[in-house]
Amino acid sequence: MKIFMKKSILKNAQKLSREAQKQISGGDKVLQCNLSGCFSDYFSDGRGGCVVPPCAPPNLGTEVVDANGRYKCCY
């Protein structure tokens, strides 16, 4: 029973992730990115690139670590 629940939770999380990505990217259109500065709430690509809504790929920022050891997304 626990394995089924874990798989169900993982499946729902993956589905939410795809839906969230679609919302962030504005569906099929790419939004312009006019942000500047560093932001603590962002999505990481896992390779040092990041995006802060309303920006969307290919408008990636750079993931950096601040003096307090916290990750931020900077444009």
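What counts and what doesn't
Residues numbered from 1 in each chain as written. Predicted model: local features only at pLDDT ≥ 70, side-chain atom pairs only at ≥ 80, totals over all residues. Heavy atoms only, no water. Helix = DSSP H or I, 4+ residues; strand = E, 2+ residues; numbered from the N terminus. Salt bridge = Lys/Arg side-chain N within 4 Å of Asp/Glu carboxyl O. Buried < 20%, exposed > 50% of the residue type's maximum accessible area, 1.4 Å probe, protein only.

Draft legend 1. Highlighting unusual backbone geometry. With an omega of 15°, the peptide bond running from Pro-53 to Pro-54 counts as cis. Assignment of secondary structure puts Pro-54 in the loop between β3 (49-51) and β4 (61-65). With an omega of 15°, the peptide bond running from Pro-57 to Pro-58 counts as cis.

Draft legend 2. Representation of the pattern of salt bridges. Under the defined criterion, the tally for this structure stands at two salt bridges. As a salt-bridge pair, Asp-45 and Arg-47 come within 3.9 Å of each other at their nearest N and O atoms. Residue classification places Asp-45 among the partly exposed residues on the basis of a relative accessible area of 32%. In this structure Arg-47 comes out as exposed when scored by relative accessible area, which is 73%.

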